[in-house]
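Each chain is listed here by its residues.
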Amino acid sequence: MNNQERIAIVTGGGRGIGRATAIALAKEGYQVVINYAGNQAAAEETKALCLAANPSATPLVIGADISTEEGATTLINQTMEAFGRIDILVNNAGITRDTLLLRMKAEDFDAVIGTNLRGAFLCTKAVTKPMMKQRFGRIINISSVVGVHGNAGQANYAASKAGLIGFTKSVAKELATRGITANAIAPGWIGTDMTQDLSDATKASIAAQIPMNRMGAPEDVANAVLFFAKEESAYVTGQVLLVDGGMGM
Ligand code: NDP
């Protein structure tokens, strides 16, 4: 199959890493579904950017809260109705509710786990059947270096991202004989809305921990997604690729 016949869903595709990923996939010829939770304007802007990158693309925007069973099912069902197949799922939607453990409320913990981990589980479960039927699938989970190393003030977020790594490896083992791969990408510090509010002092202290001494761009992560999405990457599964300027070495 050529890329034009392949359908890719990017959860949280309206902004940041998700937007860069949707555009990169569209540029490579994939048909892209851009999912968002609340910011429709950003998702429509991403759609326009996908079309600018590839005028023969037919990007589809779907609003759905993937942390709920109903939202995840809506996203997958509407994609199947529009395209009849799903080849690539990028579980990218994510949130933070940072605070020190002593101040962290149970709802801050649940909200982050609910979107970052439960949402990935719900979307992956829903795509598994169509992918098994096709005997082809690429599941790509956006974890974080924080899921590998931990980070003060992010116990909820780190737990969700570490959970995503265990989830990825389990799914990879379950689906390995079905032509479906599951891999995780662990970005380091990437310039997006999620990281823009950090103080200059925090930014300087993070940069000091990165051998490249700078933050990465959303496109750096998108490029790693392209690798895992490829038909030729069929023998790579259960891996965690750090895209972090050397931070996690
Ligand atoms: P942004 O805050 O820029 O974008 C997050 C996206 O997720 C938005 O499009 C948002 O939708 C969407 N989203 C949030 N909750 C839901 C939900 N319940 N259902 C559907 N969509 C949802 O984040 P980034 O681009 O920075 O991060 C993307 C991923 O990369 C996240 O998983 C994050 O944890 C991970 N990551 C980011 C790093 C960084 O330094 N930026 C580092 C490591 C990992 P809407 O636009 O509608 O609000």
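Residues numbered from 1 in each chain as written. Predicted model: local features only at pLDDT ≥ 70, side-chain atom pairs only at ≥ 80, totals over all residues. Heavy atoms only, no water.

### Regarding the overall build of the protein chain
Part 1 of the argument: A count of helical and extended segments in the protein chain gives eight helices and seven strands.
Part 2 of the argument: Relative to the globule expectation of 18 Å for 249 residues, the C-alpha radius of gyration of the protein chain, 17 Å, shows essentially globular dimensions.
Part 3 of the argument: Taken across its 249 residues, the protein chain has 50% of its residues classed as buried.
Part 4 of the argument: The long-range fraction of contacts in the protein chain, counting pairs at least 24 apart against all pairs at least 6 apart in sequence, stands at 76%.
Part 5 of the argument: About 11600 Å² of surface is accessible on the protein chain, with carbon and sulfur atoms providing 53% of the total.
Part 6 of the argument: Across the protein chain, the centroid of the 22 positively charged side chains sits 6 Å from that of the 22 negatively charged ones. (Helix = DSSP H or I, 4+ residues; strand = E, 2+ residues; numbered from the N terminus. Rg over C-alpha atoms; globule rule 2.2 N^0.38 Å. Buried < 20%, exposed > 50% of the residue type's maximum accessible area, 1.4 Å probe, protein only. Contact = heavy atoms within 4.5 Å. Areas by Shrake-Rupley, 256 points an atom, 1.4 Å probe, with all protein chains shown as cover. Lys, Arg positive; Asp, Glu negative; His and termini not counted. Charge placed at Lys NZ, Arg CZ, Asp CG, Glu CD.)

### Quick notes on unusual backbone geometry
Part 1 of the argument: Even without glycine at this site, R135 takes up a positive phi of about 55°.
Part 2 of the argument: Structurally, R135 is set in the loop between α4 (106-134) and β5 (137-142).
Part 3 of the argument: One non-glycine residue with positive phi stands out, namely N213, at about 60°.
Part 4 of the argument: Here N213 lies in the loop between α7 (200-208) and α8 (218-229).

### Section: the site of the ligand
Part 1 of the argument: The environment of the ligand is made up of 31 residues, and the closest members are G38, N39, N92, Y157 and T192.
Part 2 of the argument: Between the ligand and I17 there is a distance of 2.8 Å, counted from an oxygen atom to a backbone nitrogen or oxygen.
Part 3 of the argument: I190 is positioned with one of its backbone polar atoms (N or O) 2.8 Å from an oxygen atom of the ligand.
Part 4 of the argument: Elements with a minimum of two residues in the shell around the ligand: α1 (16-27), β2 (31-36) and α6 (155-175).
Part 5 of the argument: Residue classes in the shell around the ligand are distributed as 13 nonpolar, 14 polar and four charged. (Near = heavy atom within 4 Å. Polar contact = N/O pair within 3.5 Å; in protein donor to acceptor, adjacent residues only side chain to side chain. Nonpolar A, V, L, I, M, F, W, Y, C, P; charged D, E, K, R; others polar.)

### Side note on the pattern of salt bridges
Part 1 of the argument: As enumerated under the stated definition, the model contains five salt bridges in all.
Part 2 of the argument: Ionic pairing is found between D87 and R6, a salt bridge with its closest N-O pair at 3.0 Å. Of this pair, D87 sits in the loop between α3 (69-83) and β4 (88-91) while R6 sits in the segment before β1 (7-10), placing them 81 residues apart in sequence. Of the two residues, D87 and R6, both sit in the buried class.
Part 3 of the argument: Across the pair R19 and E45 runs a salt bridge, and its minimum N-O distance is 3.6 Å. Placement of the pair is R19 in helix α1 and E45 in helix α2 (residues 40-53), with a sequence separation of 26 residues.
Part 4 of the argument: Residue E45 is classed as partly exposed on the basis of its relative accessible area, which comes to 45%.
Part 5 of the argument: Salt bridges linked by common partners bring R6, R85, D87 and E231 together as one network. (Salt bridge = Lys/Arg side-chain N within 4 Å of Asp/Glu carboxyl O.)

### Looking at the packing of α3 against α4
Part 1 of the argument: Direction vectors running N to C along α3 and α4 enclose 35°, while the axes themselves pass 9 Å from each other. The handedness of the crossing between α3 and α4 is right-handed. Contacts from E69, A72, L75, I76 and M80 in α3 reach R118, L122, C123, A126, V127 and P130 in α4.
Part 2 of the argument: Considering only residue class, the contact of α3 with α4 consists of nine nonpolar, no polar and two charged. (Axes fitted to C-alpha atoms, helices over the stretch in contact; angles between N-to-C directions. Left-handed = near helix turned anticlockwise from the far one by under 90°.)

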